[in-house]
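An overview of the molecular structure
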Amino acid sequence: MPTSFDPEVLELPFYEDAHRRIAEAAGAWCDSRAVLWEEVRALDPDTAGRRLVRELGDAGWLAALDPQAGPSAPGEDHRALCLRREALAYAEDLADFAFSIQALAATPVVRYGTEAQQRRLLPGMARGSLIGAFAVSEKEAGSDVASVALAATRTDDGSYRLNGRKAWIANGTIADVFVVIARTGEGPGPLGLTAFLVPAGTPGLRVERIDAIAPRSFAHLHFEDCPLPADAVLGRPGKGFVVAVDLLERFRTTVGAAALGFARRAFDTALAHVRGREAYGATLFDLQLVKAALADMEVQLNAAALLVARAAWETDRGSRRFARHSNIAKVHATEAAQGVVDAAVQLLGAAGIVQGGVTERLYRQIRSLRIYEGTSETLRMAIAGSLDMRRAARAA
Ligand SMILES: Cc1cc2nc3c(=O)[nH]c(=O)nc-3n(C[C@H](O)[C@H](O)[C@H](O)COP(=O)(O)OP(=O)(O)OC[C@H]3O[C@@H](n4cnc5c(N)ncnc54)[C@H](O)[C@@H]3O)c2cc1C
């Protein structure tokens, strides 16, 4: 079994044999790429991102992004997407980032694109030769997606002009195509948004690089009178909010899966350290408080793994309430991972904060997962909103 997975979790009835095979192959691939991970860490994030999307495409990781190429391999569903993110996050943050943002950008094209849009974009995205990004956030519209302001003005010939900004866009500096949510004004608030496909070379589009806590391709986008043809609309005019929310609700479980991968790597690193670190005539592992810390981490990992597995399974079975479970999984897995990574740094002592070391990297990399694709606070609000009030009425 590859290092990234807990075999007992994969045995859960939420998974089928096809998923176990995917996990085994994905984890083994990641384990065998230690040299690649070293190499990409030494590159600038843009070069690393382009190389990783290409490597993932060549190795077939992105094949499911092009359903028209033929029927997907057995088990290539949401659970598989989560297992793949878990394996990549365990191995290398940049690889998880490359994989997840490519999937995030391709999924709305798969779900809402016309046949022509799919033919134009998906084969390249699945090969890793065409890089995508998804742009909904703005400085004044983050958690509150309904307040997106980037204006898409319809002209007499049915084409559009984009004016405004997007903020905090993953892959912003390397994307060839952006899925952009803009205001077209069919109705108020969430009813007046539309999704567009915007090629990176569109005149009037300017990319402003942002440096984040963990180096990645990350940018603000500026749109100044960007012309877009009528067939740049993805899905239907006025349905952009649905495109965005549907995507984010699905991908939250995968963020939980990535958090699990980061946390498991931190745990394994800490366990190896305390087993080998001599202290007081024995090892750190022999100290009760150290054992308690490890036990707490193990409890958190197990809870996160169960919630992620359940949420992915709910999505695959088409549960109407899958979003409630993806919210629960993301909140718990990302919050727990933050604690597990912090505990791992503590167990390594000074060795835990040395720049470039595993725990130091994880400490920086884990932080943003509690923010993107729904902050922990907004998801708690959504979970509270999904509580079954009939139970409360019965209990009263
Ligand atoms: C690493 C990273 C990658 C990202 N990638 C992308 C991307 O590819 N595409 C994209 O479109 N966006 C991306 N984002 C942006 C991300 O989606 C937003 O940062 C996120 O939605 C939060 O919005 P905000 O930053 O404006 O914070 P705000 O919405 O301003 O929130 C600030 C604080 O207020 C709290 N808050 C807000 N509303 C409520 C509420 N109703 N109840 C309680 N508390 C609340 C939040 O929880 C938070 O603590 C990325 C962000 C990060 C960090």
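Look a little higher up for the structure.
Quantities reported herein were computed from a predicted structural model and do not represent experimental measurements. Numbers given for residues are sequential positions, taken from 1 along each chain in its written order. Local features in this predicted model are restricted to residues whose pLDDT is 70 or higher, and side-chain atom pairs enter the listing and the counts only when it is 80 or higher, whereas totals over whole chains, interfaces and linings include all residues. Calculated side-chain values reflect all of the structure's heavy atoms, with hydrogen atoms and water omitted.

Once that is clear, we can look at the overall build of the protein. Secondary structure follows DSSP: runs of H or I at least 4 residues long count as helices, runs of E at least 2 residues long count as strands, and numbering of each begins at the N terminus. Within the protein, the regular secondary structure consists of 13 helices and 10 strands. With respect to the three principal axes, the spread of C-alpha positions in the protein is 80 × 60 × 40 Å. Relative accessibility under 20% of the residue-type maximum defines a buried residue, over 50% an exposed one, and the middle range a partly exposed one, all with a 1.4 Å probe and only protein chains included. The burial tally for the protein puts 53% of its 396 residues in the buried class. Counting only contacts in the protein whose residues sit at least 6 apart along the sequence, the fraction spanning at least 24 positions is 73%. Here the protein has roughly 17600 Å² of accessible surface; of this, 54% comes from carbon and sulfur atoms. Residue contacts follow a heavy-atom distance rule, with two residues in contact if any of their heavy atoms lie within 4.5 Å. All accessible areas in this document rest on Shrake-Rupley with a 1.4 Å probe, and a residue is counted as covered only by the protein chains that are shown.

Looking now at the packing of aromatic side chains. Any two of the Phe, Tyr and Trp rings considered here, Trp counted by its six-membered ring, make a pair once their centres fall within 6.5 Å; the pair's planes then place it as stacked at under 30 degrees, edge-to-face at over 60, or tilted in between. Applying the stated criterion across every chain, the model contains 6 aromatic pairs. Both rings, one in Tyr-160 and one in Phe-196, keep their centres 4.9 Å apart while their planes meet at 70°; by these two values the pair is edge-to-face. Pair noted here: Tyr-160 is in strand E3 (residues 160–170) and Phe-196 is in strand E5 (residues 193–199), with a separation of 36 residues, a long-range link. Residue class for Tyr-160 comes out buried when judged on its relative accessible area of 5%. Here the aromatic residues Trp-29, Trp-37, Trp-61 and Phe-99 are joined through ring pairs into a cluster of three or more. In this scheme, the term charge over a ring applies when either NZ of a lysine or CZ of an arginine sits within 6 Å of the ring centre and within 35 degrees of the ring normal. Over the ring of Phe-285 we find Arg-275; its NZ or CZ atom is 4.8 Å from the centre of that ring. Sitting over the face of the ring of Phe-285, Lys-291 holds its NZ or CZ atom 5.3 Å from the ring centroid.

The next subject is the environment of Ala-333. Inspection of the secondary structure puts Ala-333 in helix H10 (residues 322–348). Along the chain, Ala-333 and Phe-267 lie 66 residues apart, while their C-alpha atoms are 14 Å from each other. Contacts of Ala-333, omitting those with residues within four sequence positions, involve Gly-256, Ala-259, Ala-304 and Val-308.

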